[in-house]
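Chain by chain, the residues run as shown.
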Protein chains: 2
Amino acid sequence: MCSLKKALLFCKSCGAEYDACEARFRCDCGEPLDLKYDGAGIDTSSRVQSKRFAAFFPFAEDDWVSLGEGGTPLVSVERFAKELGLSGVQFKNESANPTWSFKDRGTAACIAHARALGYTKVGTVSSGNMAASVAAYAAAAGMEAFILVKGNVADEKLAPIAIYGAHLLRVAGPYDELYKESLRLGAERGIYYMNSDVPFRAAGSRTIAFEIAEERGFDVPDWVIVPTSAGGNIRGIINGFEDLLRAGLIAKLPRFICAQAKNNSPIVTAFENGWTQIRRAPDAETIAHAIDNPFPPSGNRVVAELRRLNGTAVSVPEGEIVRAQADMAHAGLFAQPASCVPLGALRAARASGIVKEGESAVLVTTGGGLKYTTAFAAHKLEWRDCAIGDLAELLK
Amino acid sequence: MCSLKKALLFCKSCGAEYDACEARFRCDCGEPLDLKYDGAGIDTSSRVQSKRFAAFFPFAEDDWVSLGEGGTPLVSVERFAKELGLSGVQFKNESANPTWSFKDRGTAACIAHARALGYTKVGTVSSGNMAASVAAYAAAAGMEAFILVKGNVADEKLAPIAIYGAHLLRVAGPYDELYKESLRLGAERGIYYMNSDVPFRAAGSRTIAFEIAEERGFDVPDWVIVPTSAGGNIRGIINGFEDLLRAGLIAKLPRFICAQAKNNSPIVTAFENGWTQIRRAPDAETIAHAIDNPFPPSGNRVVAELRRLNGTAVSVPEGEIVRAQADMAHAGLFAQPASCVPLGALRAARASGIVKEGESAVLVTTGGGLKYTTAFAAHKLEWRDCAIGDLAELLK
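The model shown is predicted, which means the values in this text are computed figures rather than measured ones. (Residues numbered from 1 in each chain as written. Chains lettered and ligands numbered in written order. Predicted model: local features only at pLDDT ≥ 70, side-chain atom pairs only at ≥ 80, totals over all residues.)

**Quick word on the overall build of chain A**
Reasoning step 1: Along chain A, the regular secondary structure elements total 13 helices and 14 strands.
Reasoning step 2: Its C-alpha radius of gyration of 21 Å places chain A within 12% of the 21 Å reference for a compact globule of 396 residues.
Reasoning step 3: Viewed in the frame of its principal axes, chain A has a C-alpha envelope of about 70 × 45 × 45 Å.
Reasoning step 4: Among the 396 residues that make up chain A, the fraction classed as buried is 61%. (Helix = DSSP H or I, 4+ residues; strand = E, 2+ residues; numbered from the N terminus. Rg over C-alpha atoms; globule rule 2.2 N^0.38 Å. Buried ≥ 20, exposed ≤ 12 C-beta atoms within 10 Å, placed from the backbone.)

**Comments concerning the interface of chain A and chain B**
Reasoning step 1: Each partner contributes residues to the interface: chain A has 59 residues there, and chain B has 59 residues.
Reasoning step 2: Of the residues in the side of chain A that touches chain B, the class split is 39 nonpolar, eleven polar and nine charged.
Reasoning step 3: In terms of strand pairing, strand 8 (residues 167-172) of chain A meets strand 14 (residues 384-387) of chain B through four bridges, oriented parallel. The residue of strand 14 of chain B that forms the bridge with A:Arg170 is B:Asp385. (Contact = placed C-beta atoms within 7 Å. Nonpolar A, V, L, I, M, F, W, Y, C, P; charged D, E, K, R; others polar. Pairing = 2+ DSSP bridges.)

**Quick look at the relation of the copies chain A and chain B**
Mapping between the two copies of the chain is achieved by a rotation about an axis and a shift along the axis.
Reasoning step 1: When chain A is brought onto chain B, the operation consists of a screw motion whose angular component is 180° and whose axial shift is 0.0 Å, with 0.0 Å RMSD remaining. Those values place the two copies in the arrangement expected of a two-fold rotation axis. Closest approach to the rotation axis within chain A is made by the C-alpha atom of A:Ala96, at a distance of 2.1 Å. (Least-squares fit on C-alpha atoms with pLDDT ≥ 70 in both.)

**Quick notes on unusual backbone geometry**
Residues and elements named next belong to chain B.
Reasoning step 1: With a phi angle near 65°, phenylalanine 218 is a residue other than glycine that sits in the positive phi range.
Reasoning step 2: Position of phenylalanine 218 among the secondary structure elements: in the loop between helix 7 (199-215) and strand 10 (223-227).
Reasoning step 3: A count of 13 C-beta atoms within 10 Å places phenylalanine 218 in the partly exposed class.
Reasoning step 4: Backbone geometry places asparagine 310, a non-glycine residue, at a positive phi of 60°.
Reasoning step 5: Here asparagine 310 is to be found in the loop between helix 10 (299-308) and strand 12 (312-316).

**Overview of the nonpolar core**
Reasoning step 1: Residues A:Ala135, A:Ile147, A:Ile225, B:Ala135, B:Ile147 and B:Ile225 are the most contacted members of the largest nonpolar core, which totals 262 residues.
Reasoning step 2: If we skip the residues at most four places from it in the chain, A:Ile225 touches A:Ile257, A:Ala259, A:Pro342, A:Ala345, A:Leu346, A:Ala361, A:Leu363 and A:Val364. (Core = buried A, V, L, I, M, F, W, Y, C linked by C-beta atoms within 7 Å.)

**Thoughts on the sheet that holds strand 2 (residues 17-19) of chain A**
All names here are of chain A.
Reasoning step 1: With antiparallel pairing, the three strands of this open sheet are ordered in space as 2-1-3. Edge positions in the open sheet fall to strand 2 and strand 3 (34-36), since each of these has one partner strand only. Across the sheet, the mean angle from the axis of one strand to that of its neighbour is 35°, orientation sign disregarded.
Reasoning step 2: Relative to the sheet, helix 7 (residues 199-215) contacts strand 1 (8-10) and strand 3, its axis offset from that of strand 3 by approximately 70°. (Axes fitted to C-alpha atoms, helices over the stretch in contact; angles between N-to-C directions.)

**Section: the pairing of strand 6 (residues 121-125) of chain B**
Residue and element names in this part refer to chain B.
Reasoning step 1: Across the five residues of strand 6, four count as buried, placing the element largely inside the fold.
Reasoning step 2: Pairing between strand 6 and strand 7 (residues 144-150): five bridges, direction parallel. Along strand 7, the bridge assignment pairs threonine 124 with isoleucine 147.
Reasoning step 3: The parallel pair strand 6 and strand 7 is bridged by helix 4 (residues 129-141), and the resulting crossover is right-handed.
Reasoning step 4: Where strand 6 and strand 9 (residues 191-193) come together, three bridges link them in parallel fashion. Directly across from glycine 123, in strand 9, lies its bridge partner tyrosine 193. (Right-handed = clockwise from strand over helix to strand, strands pointing away.)

**Some details on the sheet that holds strand 7 (residues 144-150) of chain A**
Note on sheets: strands pair through backbone hydrogen bonds, and any given pair is parallel or antiparallel.
Reasoning step 1: Spatially, 9(A)-6(A)-7(A)-8(A)-14(B) is the arrangement adopted by the five strands of the open sheet, whose pairing is parallel. In the strand order of this sheet, the two ends are held by strand 9 (191-193) of chain A together with strand 14 of chain B, each with one partner. Across the sheet, the axes of successive neighbouring strands diverge by a mean angle of 30°, strand direction being ignored.
Reasoning step 2: The strands that helix 6 (residues 175-189) of chain A touches are strand 6 (121-125), strand 7, strand 8 and strand 9 of chain A; relative to strand 9 of chain A, the one it contacts most, it runs at about 150°.

**Brief notes about the packing of helix 8 (residues 232-246) of chain B against helix 10 of chain B**
Residues and elements named next belong to chain B.
Reasoning step 1: It is the contact of helix 8 with helix 10, at a shortest axis distance of 9 Å, that shows an interaxial angle of 35°. Judged by the twist between their axes, the crossing of helix 8 over helix 10 is left-handed. When helix 8 is examined against helix 10, the residues Ile234, Arg235 and Ile238 are found in contact with a partner set consisting of Arg301, Val302 and Glu305.
Reasoning step 2: Tallied by class, the residues present in the contact of helix 8 with helix 10 amount to three nonpolar, no polar and three charged. (Left-handed = near helix turned anticlockwise from the far one by under 90°.)

**Focus on the environment of A:Lys36**
Residues and elements named next belong to chain A.
Reasoning step 1: Its place among the elements puts lysine 36 in strand 3.
Reasoning step 2: For lysine 36, a count of 17 C-beta atoms within 10 Å gives the class partly exposed.
Reasoning step 3: Non-local contacts of lysine 36, meaning those with residues more than four positions away in its chain, are made with Ala7, Leu8 and Phe10.

**Some thoughts on the packing of helix 7 of chain B against helix 8 of chain B**
Residues and elements named next belong to chain B.
Reasoning step 1: Closest axis-to-axis distance for the helix 7/helix 8 pair is 6 Å, and the angle between their directions is 55°. If you check the angle between helix 7 and helix 8, you find them oblique. Regarding helix 7 and helix 8, the two cross each other, and that crossing is right-handed. Mapping the contact onto sequence places Arg201, Ala202, Ala203, Gly204, Ser205, Arg206, Thr207, Ile208, Ala209, Phe210 and Ala213 in helix 7 and Gly232, Asn233, Arg235, Gly236, Ile237, Asn239, Gly240, Phe241, Asp243 and Leu244 in helix 8.
Reasoning step 2: Here the residues of the contact of helix 7 with helix 8 are counted per class, giving nine nonpolar, eight polar and four charged. (Parallel < 35°, antiparallel > 145°, perpendicular 65-115°, else oblique.)

**So, the environment of B:Gln277**
Reasoning step 1: With respect to the helices and strands, the residue B:Gln277 is situated in the loop between helix 9 (266-273) and helix 10.
Reasoning step 2: Separated by 48 residues in the primary sequence, B:Gln277 and B:Ser229 have C-alpha atoms spaced 16 Å apart.

**Regarding the confidence of the model for chain A**
Reasoning step 1: Per-residue confidence for chain A gives a mean pLDDT of 96, with 100% of residues at or over 70.
Reasoning step 2: Scored as a whole, the predicted complex attains pTM 0.97, and scored at its interfaces, ipTM 0.96. (pLDDT = per-residue confidence, 0-100.)

**A look at the environment of B:Ala172**
Reasoning step 1: Among the secondary structure elements, B:Ala172 is positioned in strand 8 (residues 167-172).
Reasoning step 2: Distance in space between the C-alpha atoms of B:Ala172 and B:Val149 is 8.7 Å, their sequence separation being 23 residues.

**Re the pairing of strand 12 of chain B**
All names here are of chain B.
Reasoning step 1: Taken across its five residues, strand 12 has five buried, putting it largely inside the fold.
Reasoning step 2: In strand 12, alternate side chains face the same way, and those of Thr312, Val314 and Val316 on one face and Ala313 and Ser315 on the other are all buried.
Reasoning step 3: Examined bridge by bridge, strand 11 (residues 255-261) and strand 12 share five bridges and lie parallel to one another. Of the residues in strand 12, the one forming a bridge with cysteine 258 is alanine 313.

Printed below as a string of structure tokens:
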């Protein structure tokens, strides 16, 4: 029944290994799992993840359902390099994906895994990017989708998910309980719950690393900065660079910065305090809605990865997030607030001396600005009403 | 002062030619101008328009300012091919551009032209995709931008333009008068007005054709269907295929369908009535807001091109546009209503027998669904509120 090539899911925390043909989303020890698969090689004839990087995944060609995910731009912004005394500041603009966020990479990989295992139903727990992404790919794959969102999500946030035709449930109750209950019920009911940090979602995020390296001619930057919520994306990006190192395609790893909003930064807190276990953060509001996660399921793992690889974790106050969003838009990159946290983190890390003069940084811009229009209110946006006859005066 | 390689702007209507170093946006005869430039060749090392297709443009490398435009996915949807008895239906998803519409291609080309000619100020007349695109690229280029929008544009449509930091004027008065006045004042004040169908905007749209051809291994589809407002995009796409034919990269041209909303379809009306000159359409409302143009400045030219190349023009009623939007979303492609008009046009052209069984079609999906959230109201979108304890029952 399982069409996968031989691959394992392994736990970096306790060392356990499982066959990837098992529908397994976490290790028995409670920690997240990563894909262990020997393939490598880039098919440069296509820009789409499922073709270009197919060799890094254990799927048969038929398992993939693609909407054209991946192949996003890496954009250099000289004014930030100049401001910070760096040799380069680049943004990996993941809003140029089919549903306008990085989630499409992991979703495509999870859908392929679900199909390989014979599933016909999928789901996720999300109130934003991931929900839209899973609904879209399930639609493309002709699979039934059951999307669960938090009870406090506003009606207007639901329409961009519902438009894809998924079953959509707004569920009252704590988010992390919802995460666990969805995996439990999914196992019982034959629904593949591709939540935030499941193994193949992280495996999909590896292609962000592959593309960053490729676009830079395999010259890795000094720093890669990732806005972090559950922790699946930064885990995947780290794994991606490690895959490239193993394949001999790059000579060293970059250092990683986990960037969080100060109002909700459990990973930063654990990292700074030397804890191995994250503790639930007070669930304060942040404009960086997409990374608003007080108890991230990959939190312990991310803290361990950062220590292992000499990375760091930086939190960014609300005002600096808003400033970063304005500054990025004024450079032509309109990103959702969560995706502007890396610029705030880079500024803080440069000010504190962690990032040194002349170094280079790649910032992962996880999603587009139209995803969270509530943020417009934080900016002083201006326009003026006039008549055609006034233009001669106004365009002086 | 002009850094351009030798290139001409020529008028397909009267045959006049002008040096491309002239800041000229229309022919003296009143018709639009096209780029005439001998370069050809594809640099497959980059997916970005300004590198991959640089040889097709007369710019120096330094003239380009890129946010990573182009390299968008071509997505096959089998269920539509099956529904219509076609050998293939593909969507060129232009929402995977930096500002989530096809406009970025033309904007990048116009910005390069403006820089080559020494301009430091740019502008456009638009209420949507083009305004955001020009504001973003002007920001990236460090140029001052003067964006003019129609007087009836709602406040909430202005924030996604204003966020980029451009001067934004909401101008009362007729749209086509605003178009002309902007070009006149722009010439006087040194502002490069990159309106809808200016030569380098159409020249940028050629790369849509290049990518469609490339992704299909230079096997052209039978039909290419383009939602049409001013007419600059379909002109550019036609020119792109003609460039490929001239360069020997393709063996024949596809046939083109100009797709408009029935409520505002001056090009279709002129085409069907055998007119050479379009007449102003009654400016009725359409959900296809982005192509709502009662008197398109490239209308005459588009009609002539369709006749010359054995193409056709098809209009789509409101209900069919809404149905197409739902059907595309249920296939994973959430596009703005204007970008769903091609599917409605394909269905109509298939029903009328113009498009024949077994033929293939590529539909240009010009912009993403988040661009026009007003359209959600046209759909019966559903979700359900519940508690975590209810899930066991609801996920059966």
